[in-house]
Amino acid sequence: MKVTVLTGAGISAESGVPTFRDADGLWEGHDVEEVATPEAYAARPDVVHRFYDARRAALATVHPNPAHHALARLEEAIGDDLLVVTQNVDDLHERAGSTRVLHMHGELRSARCEACGARNRWHDDLGHRPPCPRCGAVELRPDVVWFGEIPYGMDRIATAIAGTDLFVSIGTSGAVYPAAGFVQHALRHGATTLELNLARSNGTCLFDDARHGPATELVPAWVDELLGGQGVRRGG
């Protein structure tokens, strides 16, 4: 059985990944959206770098939780029949042991060169304008997909969903496209669909089965069920 899993912020929230928003929803007086567009980077590169440098540094303070580890356990059991597509820019899936992970919105621990296009593994700050390890140009930016940019791997995702037997959405709002449309793509190709989320999402009604509660409880239980051969019921 082929399984495609989509993960969102809800799976990492239980690891304590900070939102970098103040009580008023701002970061240093800016809407977070104001530091997450190509236009913002062109106008205020220092501010954008400072925001992402802080987010990258914060990864050292958080760790994978039981939901991440359960997905790694599932990969160990079914191998290439699993693909995890994540909207998250953290590396908690990989640190839990998952290798078949597609970061559709990029990664904090990666820097992309705007001169040569190289995507470089990166753990340090970018605000001091280091050169690209590949070409030497001082054109490195966070390798994160900003508003208005095309997510990574869309062709691979579409192919995986078209051939999947089970599509599972974990910790997503169902409000951000194109990921919010994946469940409909899966349904069109005959897949069984399951939502595991803290609460009802915008797309809950589209799923064959929806289970609500903490990801750290739901995901390990679902993996145990799947590996035990019970599968997922339709129309739940």
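Residues numbered from 1 in each chain as written. Predicted model: local features only at pLDDT ≥ 70, side-chain atom pairs only at ≥ 80, totals over all residues. Heavy atoms only, no water.

1. Focus: the pattern of salt bridges
- Evaluated as defined, the whole model comprises 12 salt bridges.
- Taking the shortest distance from any N to any O, the salt bridge between D81 and K2 comes out at 3.1 Å. In this pair, D81 sits in the loop between α4 (66-78) and β4 (82-86) while K2 sits in the segment before β1 (3-7), placing the two residues 79 residues apart along the sequence.
- Residue classification places D81 among the partly exposed positions, given a relative accessible area of 29%. (Salt bridge = Lys/Arg side-chain N within 4 Å of Asp/Glu carboxyl O. Helix = DSSP H or I, 4+ residues; strand = E, 2+ residues; numbered from the N terminus. Buried < 20%, exposed > 50% of the residue type's maximum accessible area, 1.4 Å probe, protein only.)

2. Description of the sheet that holds strand β5 (residues 101-103)
- Pairing in this open sheet of six strands is parallel, and the strands run β5-β4-β1-β9-β10-β11 from one edge to the other. Two strands close off the open sheet at either side, each with one partner strand: β5 and β11 (209-212). Taking each pair of neighbouring strands and ignoring which way they run, the sheet shows an average axis angle of 15 degrees.
- With three bridges joining them, β4 and β5 adopt parallel strand pairing. Counterpart to T86 in the pairing with β5 is H103.
- With respect to the sheet, α4 is in contact with β1, β4 and β9 (166-170), its orientation differing from that of β4 by roughly 150 degrees. (Pairing = 2+ DSSP bridges. Axes fitted to C-alpha atoms, helices over the stretch in contact; angles between N-to-C directions. Contact = heavy atoms within 4.5 Å.)

3. Examining the side chain of S15
- Within the fold, S15 resides in the loop between α1 (9-13) and β2 (26-27).
- Judged by relative accessible area, which is 15%, S15 ranks as buried.
- At a separation of 3.0 Å, a polar atom in the side chain of S15 contacts the side chain of N65.
- When neighbours within four sequence positions are excluded, S15 is seen to be in contact with V62, H63, P64, N65, H68 and L92. (Polar contact = N/O pair within 3.5 Å; in protein donor to acceptor, adjacent residues only side chain to side chain.)

4. Structural notes on the sheet that holds strand β6 (residues 106-113)
- Pairing is antiparallel in the open sheet, where three strands are placed in the order β7-β6-β8. In the strand order of this sheet, the two ends are held by β7 (119-121) and β8 (140-144), each with one partner. Within the sheet, the average angular offset between the axes of one strand and its neighbour, ignoring direction, is 45 degrees.
- In the sheet, β6 pairs with β8 via four bridges, with the strands oriented antiparallel. Its bridge partner being in β8, A111 is matched across the sheet by P142.

5. Focus on the pairing of strand β10 (residues 192-197)
- Counting buried residues along β10, six of its six residues qualify, which places the element largely inside the surrounding structure.
- In β10, alternate side chains face the same way, and those of T192, L194 and L196 on one face and T193, E195 and N197 on the other are all buried.
- The sheet contact formed by β9 and β10 spans five bridges and is parallel. Of the residues in β10, the one forming a bridge with F167 is T193.
- Each parallel crossover has a hand, and for β9 linked through helix α7 (residues 182-188) to β10 it is right-handed.
- Here β10 pairs with β11 via four bridges, running parallel. Bridged to L196 within β11 is R211. (Right-handed = clockwise from strand over helix to strand, strands pointing away.)

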